[in-house]
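# Architecture and fold: a report
Now for the letters of each chain:
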Amino acid sequence: MRADELGLGSRGYGLLGACQGIGSVIAVWTLPRLHATRRPERSTALSGVVWTVGAVLLAGTDRVWLAGVGVVLCGTGWMGVINTLYSNYMVELPAWMKGRGASMVMLNVWLGTSAGAVVWGTVASSTDVRTALWWAAACNLVIVAVSPVLLRVHGPAFVTVSPASGTVAAAD
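Throughout what follows, the structure given in this document is the object of discussion. (Residues numbered from 1 in each chain as written. Predicted model: local features only at pLDDT ≥ 70, side-chain atom pairs only at ≥ 80, totals over all residues. Heavy atoms only, no water.)

### Let's talk about the pattern of salt bridges
The condition that has to hold: Should a side-chain nitrogen of Lys or Arg be within 4 Å of a carboxyl oxygen of Asp or Glu, the pair is scored as a salt bridge. The buried label goes to any residue with under 20% of its type's maximum accessible area, the exposed label to any with over 50%, and the partly exposed label to all in between, with areas taken from a 1.4 Å probe on protein chains only. The way it works is that DSSP assigns letters per residue, a run of H or I at least four long becomes a helix, a run of E at least two long becomes a strand, and they are numbered from the N terminus.
Considering all chains together, one arrives at 2 salt bridges under this definition. For Glu41, the salt bridge goes to Arg39, with nearest N and O atoms at 3.5 Å. Accessibility expressed as a relative area gives 10% for Glu41, which makes it buried. Classification of Arg39 by relative accessible area gives partly exposed; the value is 32%. Its salt-bridge partner being Asp62, residue Arg130 comes within 2.2 Å of it at the nearest N-O pair. Linking Arg130 in helix α6 (residues 129-150) with Asp62 in the loop between α3 (40-60) and α4 (64-92), this pair joins segments that are 68 residues apart in sequence.

Written as structure tokens, this is what we have:
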């Protein structure tokens, strides 16, 4: 969407999509260290702030390389939130509920994504993509601020996910 405004065309759109993927991989590499030193609430808040910084950078620039950095940050923040919440659900749920829990988590993630896309699209259609990004960043900051109070993650103090072995371990 910003790719058109930046004059990038379809290749540029693909490049920005790759930047989101790079950000997601960066999150997966850095999350074990982050989770080893912070509670889940702090990890999700930090990831939310990273996403917000990326959205602000993407909205506020006309430089392609800065837009790319913004999208990398958005990918990092998005994966950080999803990974932290999902791994905590998997650690906290009893074995017999993990499948049901995973399906409920994914249902809520994609339901929220769908509803958010409708709202975002409505704002972008009535204004422009830049304004919609500014609003998304502002709303995300509000969510980051109220989440620790209203949506507390009652997980273990630290969750370590090992991508190499596919294990999830908790330590209080």
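### Some details on α3
Stated formally: Residue count minus one, scaled by 1.5 Å, sets the expected span of a helix.
Here α3 is 21 residues long and its end C-alpha atoms lie 30 Å apart, about the 30 Å a rise of 1.5 Å per residue gives. The set of residues buried in α3 consists of Pro40, Glu41, Ser43, Thr44, Ala45, Ser47, Gly48, Thr52, Gly54, Ala55, Leu58 and Ala59.

### Details of the environment of Thr76
We count it as follows: Two residues qualify as a contact provided that any one of their heavy atoms is within 4.5 Å of a heavy atom in the partner residue. Think of a polar contact as two N or O atoms within 3.5 Å of one another; within protein, one of them needs to be a possible hydrogen donor and the other a possible acceptor, and neighboring residues in sequence only count if both atoms come from side chains.
If you trace the backbone, Thr76 turns up in helix α4. Through-space distance from the C-alpha of Thr76 to that of Leu31 is 9.8 Å; in sequence the pair is 45 residues apart. Among all residues touching Thr76, those that are not within four sequence positions of it are Gly23, Ser24, Ile26, Ala27 and Val50. Polar side-chain contacts of Thr76 include one of 2.9 Å to the backbone oxygen of Gly23.

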